Each structure stands twice: as structure tokens, then as C-alpha cells.
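Each chain, written out:
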Amino acid sequence: MKKCIKVTIDGPSASGKSTVAKKLAKKLSYMHLDTGAIYRAIALHFKELNVLDASDDKLKVALSSFSYHFTGYDENKRHYLNDRDITQELRCREISDLSSIISTNVVVRSFATDLQRSFAEQFNVVVEGRDTGSVVFPDADIKFYLDADPIERAKRRFSELKAKHGYQDLTKEEIDADLKERDNRDLKRELSPLVCPEGALKVDTTSLTVSQIVAKLTYEVKKKAPLRFASPTYYCSYKGKKCSFMYLLTKWVFGAYFKIFHTYKVEGLENFKNDCPAIIACNHVSFLDPPMLGCASPEVIHCLAKRALYKSRFMSWWLHKINTYPVSGASDDKTVMKKVLALLLKGEKVLIFPEGTRGKDGTVQPLRKGLALFADKGKAKVIPAAVIGPEHALPVNKKFPKLFTKLTVAFGPPVYYREILKEVKDKKKAREIFLERVQNEIQSLIDKYKN
Ligand code: DC
């Protein structure tokens, strides 16, 4: 398996690490993991369950009903506690204090550490926190420790709370005292206290602007590993999501081909409206299906392809550039599962052809169980989709397409696994109902648009 690159940024509150980590991750096209948000989400969960002062055993039980994920990038980033959007709640003062308190507990730290490691398994990441370079990823490729003068940090926290969270009645003195108390707790706790990790580059941000810090860190990253970091995959973006220039070019060339040489229609685009992870589940009838869906989707999508297609160096390069990942076995094998889940947890949209076998008469066949697993573990909605016409334009046994035929891509209303689970409460039953519903949706799209 490819080794993912880890860049850690540690430092005290208001040292600038969050803003810098976000921007550095964007610049390097890495995932941004805000570990403080995990501790904050746990604090909120404990508060809601009223177990803040409970024994370790009770905390373990409380953690068994905790699930956290995030979607989107930058300003669009949303944090979820058991599927509920808690982005706003996470930043309030009470949760800031509670997270600092609960993070001294051994059960909490070990749980949060495992969770952070699992997030960083699949992607290059910029991780920020208090112990990311010392405890969570001591083997990180590059480590930074940001610090700033306490007066400057209090000033930053003061304006952040006022501007973003409307705490108009807060005084500078209160913020000052608050920050000192949190610093004390973070620095003096027994478990994973805030330290400058071994091998980390210390950066004093007191008199630096955010762009100066980001430029400095980017320079250091590139200096340390010039070859591995020299060429990020993504240079372009489409509707707010990063993609390669080749992705855009391929989309444009296929789009032009469909429009000039076929009667090409796209229906149901309104089903794409939310910026959140989704699986596009489609029937599969021809080699034209993936490019048809890629062109029809109003957002950047990712897709899986048979490893056999990656034989030549050109194909391997091109497929990689257009967000297509090689799979060897069935779509519910472990490697595929990990790849798809990692993409969904990053808030991406993934195209999947979930039919177990191909129907000879054009009817949609029962779907693989893996689809329900992706929707469940990846916290993703499923957008049912249908391609109509490519089976005539390019049948499986033909090399060249028949021109001037009708091609339609249709998207249906999303199906939410979690809602079905809430209704029926039993996982096995919920998965069955979910798969049947998606299959029926795809079938009704085909029936609706086939003429
Ligand atoms: O970075 P932050 O302010 O969002 O973090 C909230 C609290 O979580 C912080 O007071 C200490 C704790 N924390 C921690 O102990 N270890 C981390 N890696 C990140 C945060």
C-alpha cells in the first residue's frame, strides 16, 4: 500500500495553527485533520449524556455511541456528531473549556488517538493539535510547532470569538484568564502534555501574518522532501472541488463528443444540490457509462476501474489524473472498501456500479451488499442514477460506437440509509430495504426516460 505523508502542526491555543494547517493542506492538496474538533465533539457528547464526571467505565460506554466525521473544505467544512451537524456548537466557550478538561482523561485520549490514526491511514494529511507530532504520529514526515507571545494569542482569540461567534460582552481580561487556564491544563497534564515534539521545527508566529507562516511552512515541506512534494496532483478546480487539468480536459472532450455526435440529455441535476459526500449508484451497460456520468455530474467525481486497464504507463497516468482508482476484485473487497470510505469521509462523490450481475433484458439486477456498507460507514447519501442508450451506442462486444444515437443520463432523489435505519432500527433489515429502494429508483429512472 502507498505510504501516506503526514505533516503535523502542534502548538498552544490561538498560536495560529488551525488557520495555517487549513491553508497549508489546501496548498499541498492534503486532507486537513483538526484533532481539537475531535476532543470538542467528545466533550459535547459527554455533556449531552451527562457523563462529564463519570467513571472511566461509564465513559467507555458513552464512547461506544460516539461517531464523528467531517465533510467539505475550508469555510464549507462541517463537523458531525452521530450524523448531527455540530459545527457551530463546537466553537462555543463552554465546549472549549470542557474539551480541555476531558482531554486529560486516559480513556478519551486513547480513543481520540485511534480515531486520528484511522483518518490518516488513507490520505496525505496535515494534522494539527497538541500531541500530533509527539504521540499520535511520532513517525510523521515533517513536524512543526507553532507558538506566539501570550498577549498576541489572547488578542487573536478575542477577535476570533467576537467576529465569528458574536461574544460581544467578553472582556480582554476574561479571554486572557481563560487562555492561561487552558495553557496550564494542556502543558501540565500527565498524559500527552503539550510539548514541542522531537525533531519539530519551532516557528514563532507573533509578528508573522498567516500568509507568511504558510509560505514558510510550505518552503520547509518542499525543502525536506523536494521530490515527494514537488508536484501535487491537483492544479485546477471545478465548482469548488480540486481536480487535475486532465480531468477538466477529459470532461470537456467527452462532453463535446456526446453533444456533437449524439442526442445527449441530462435529467435530475437538482439531486446534486448539497455539498456533502455521496455515492452515485448507476446501472452498467457499456464502456460509455463512466464518461457519460463524469460529463453529466455537475461536480468532480471519483470512480473505480478494473486493474487490467492500468497496464500501459499512459493509461495508468491518465486514469490516475481523472480520479479513477484501480480495483482488483469484487467491489466489496477490502481495498475497495477502504478507498471508497476514505473518499466519502473526505466529502467526495464516488461513482459505483453496484449491480451484482448484468441484466440481459435491461432490468436492474439486485445490488451488492457493499453499497449499503459504504452508505453506512461513509455517512453518505446515495444518488440513484441511470444511463439509457449506451447499450445501443457501444454494446459490450463492439469496438467503435454507433454515432447519432440517443444518450440519456438521469439522476433520482437521494436515498438515505441512516433514515431507513432510524425507522426500522435493525441493521440487516435496513440494508435490505435500502438496497431494494436504490434498485427500484434506478429502474424507475430507466423506465421513465427510455423512450
Ligand atoms: O485546538 P482546540 O482548541 O480546538 O482543542 C480543544 C481542546 O482539546 C484543547 O483545549 C486541548 C484538547 N486537545 C488535546 O488535548 N490534544 C489535541 N491533539 C488537540 C486538542
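For every chain, the first residue of the written sequence is number 1, and numbering continues from 1 onward in sequence order. Local features in this predicted model are restricted to residues of pLDDT 70 or higher, and side-chain atom pairs are both shown and tallied only at a pLDDT of 80 or more, whereas totals for entire chains, interfaces and linings draw on every residue. Values shown for side chains rest on all heavy atoms present in the structure; no hydrogens or waters enter the calculation.

1. Some remarks on the overall build of the chain
Quick note on the threshold: Helical segments are the DSSP runs of H or I of at least four residues, strand segments are the runs of E of at least two, and each set is numbered from the N terminus. Relative accessible area decides the class of each residue, using a 1.4 Å probe on protein chains only: under 20% of the type maximum gives buried, over 50% gives exposed, and in between gives partly exposed. By definition in these notes, contact holds between two residues if any of their heavy atoms fall within 4.5 Å. In these tables, accessible area is a Shrake-Rupley quantity obtained with a 1.4 Å probe, and a residue counts as shielded only by the protein chains included in the view. Think of it this way: Lys and Arg go in the positive column, Asp and Glu in the negative one, and His and the chain ends go nowhere. Throughout, a charge is located at the NZ atom of Lys, the CZ atom of Arg, the CG atom of Asp or the CD atom of Glu.
Helix and strand content of the chain: 19 helices and 17 strands. Projected onto its principal axes, the C-alpha coordinates of the chain cover approximately 75 × 50 × 40 Å. Evaluated residue by residue, the chain yields a buried proportion of 52% over its 451 residues. For the chain, the proportion of contacts with a sequence separation of at least 24, taken over those separated by at least 6, is 75%. When the accessible surface of the chain is split by element, carbon and sulfur atoms take 57% of a total near 22300 Å². Taking the average place of the 77 positive charges on the side chains of the chain and the average place of its 54 negative ones, the gap between the two points comes to 7 Å.

2. Comments concerning the packing of helix 12 (residues 245-261) against helix 13 (residues 289-296)
As a reminder, the rule being used: Angles run from 0 to 180 degrees between N-to-C directions of axes, and those axes are lines fitted to C-alpha atoms, restricted for helices to the stretch in contact. If an angle is under 35 degrees, it is roughly parallel; if it is over 145, roughly antiparallel; if it lies from 65 to 115, roughly perpendicular; otherwise it is oblique. Charged residues are taken to be Asp, Glu, Lys and Arg, nonpolar residues to be Ala, Val, Leu, Ile, Met, Phe, Trp, Tyr, Cys and Pro, and polar residues to be all remaining types, Gly included.
In the contact formed by helix 12 and helix 13, the axes pass within 9 Å of each other and the chain directions differ by 100°. Relative to helix 13, the element helix 12 is oriented roughly perpendicular. Along the contact surface, helix 12 presents K251, F254, G255 and F258, while helix 13 presents P291, M292, G294 and C295. Classifying every residue of the contact of helix 12 with helix 13 by side-chain character gives 5 nonpolar, 2 polar and 1 charged.

3. So, helix 3 (residues 56-64)
The condition that has to hold: Note that the arc is defined by the directions from the helix axis to the C-beta atoms.
Those residues of helix 3 that fall on the buried side of the exposure criterion are L59, A62 and L63. One side of helix 3 carries all its buried residues, which in axial view fall inside an arc of 100°. Exposed and oriented more than 90 degrees from the buried face of helix 3 are D57, K58, V61 and S64. Here the buried face of helix 3 lies against helix 2 (35-49) and helix 6 (106-119).

4. Focus on the site of the ligand
Put simply, the rule reads: Throughout this document, a residue counts as near a molecule or strand when at least one of its heavy atoms sits within 4 Å of that molecule or strand. Between N or O atoms, a polar contact is any pair within 3.5 Å; within protein, one atom must be a potential hydrogen donor and the other a potential acceptor, and residues adjacent in sequence are included only when both atoms are from side chains.
Contacts to the ligand come from 16 residues, most closely from R40, R109, R130, R182 and R189. At a separation of 2.9 Å, a nitrogen atom of the ligand approaches a polar backbone atom of R130. In the complex, 98% of the free accessible area of the ligand, which totals 450 Å², lies under the protein chains. Breaking the shell around the ligand down by element, the ones donating at least two residues are helix 2, helix 5 (93-102) and helix 9 (172-188). It is helix 2 that provides the largest number of residues to the shell around the ligand, a total of 4 residues.

5. Focus on the environment of D85
Structurally, D85 can be placed in strand 5 (residues 84-85). Separated by 323 residues in the primary sequence, D85 and T408 have C-alpha atoms spaced 35 Å apart. With residues up to four places along the chain from it excluded, the contact list for D85 reads R78, H79 and Y80. A polar contact of 2.5 Å, which involves the side chain of D85, links it to the side chain of T87.

6. What to know about the pattern of salt bridges
The criterion, for reference: The salt bridge definition used is simple: a Lys or Arg side-chain nitrogen within 4 Å of an Asp or Glu carboxyl oxygen.
What the rule picks out here adds up to 18 salt bridges. A salt bridge links D34 to R91, with the shortest nitrogen-to-oxygen separation between them at 3.2 Å. In this pair, D34 is assigned in strand 2 (residues 31-34) and R91 in the loop between helix 4 (87-90) and helix 5, connecting sequence segments 57 residues apart. Note on D34: relative accessible area 9%, which makes it buried.

7. Examining the sheet that holds strand 17 (residues 406-411)
This is how it is decided: Any two strands are treated as partners once DSSP identifies two or more bridges connecting them.
Strand order in the open sheet made by the 7 strands is 11-17-16-12-15-13-14, with mixed pairing throughout. Edge positions in the sheet fall to strand 11 (263-267) and strand 14 (324-327), since each of these pairs with one other strand and no more. If you compare each strand with its neighbour and ignore which way they point, the axes differ by 25° on average. The sheet contacts of helix 13 involve strand 11, strand 12 (278-282), strand 13 (301-306), strand 15 (349-352), strand 16 (381-388) and strand 17, and relative to strand 17 the element is tilted by about 60°.

8. Here's the deal with the sheet that holds strand 2
On the basis of which strands lie adjacent, the open sheet formed by 5 strands has the order 2-6-1-7-8 and parallel pairing. Strands at the two margins of the open sheet, each flanked by one partner only, are strand 2 and strand 8 (201-204). In this sheet, neighbouring strand axes are inclined to one another by 20° on average, regardless of whether the strands run parallel or antiparallel. Across 5 bridges, strand 1 (residues 6-10) lies against strand 6 (residues 125-129) in parallel orientation. What sits directly across from V7, in strand 6, is V126. Its contacts with the sheet put helix 2 on strand 2 and strand 6, and the angle it makes with strand 2 is roughly 45°.

9. Points about helix 16 (residues 370-377)
Counting buried residues along helix 16, 6 of its 8 residues qualify, which places the element largely inside the surrounding structure. G370, L371, A372, F374, A375 and D376 are the residues of helix 16 that are buried. Following helix 16 by one or two positions, K379 adopts a phi angle in the positive range, close to 50°.

10. What to know about the packing of aromatic side chains
What counts, and what does not: Note on aromatic contacts: the rings of Phe and Tyr and the six-membered ring of Trp form a pair at centre separations within 6.5 Å, being stacked when their planes are under 30 degrees apart, edge-to-face when over 60 apart, and tilted otherwise. We count a charge as sitting over a ring when the NZ of a lysine or the CZ of an arginine lies within 6 Å of the ring centre and within 35 degrees of the ring normal.
All chains considered together, the criterion is met by 12 aromatic pairs. Ring plane angle 55° and centroid distance 6.1 Å describe the contact between F261 and F404, whose orientation is recorded as tilted. Within this pair, whereas F261 is found in helix 12, its partner F404 is found in the loop between helix 17 (390-393) and strand 17, the two being separated by 143 residues in sequence. By the ring-pair criterion, three or more aromatic residues cluster together here, those being F254, Y257, F258, F261, Y264 and F404. In this arrangement the basic side chain of K339 is found over the ring face of Y325, its NZ or CZ atom lying 4.5 Å from the centre.

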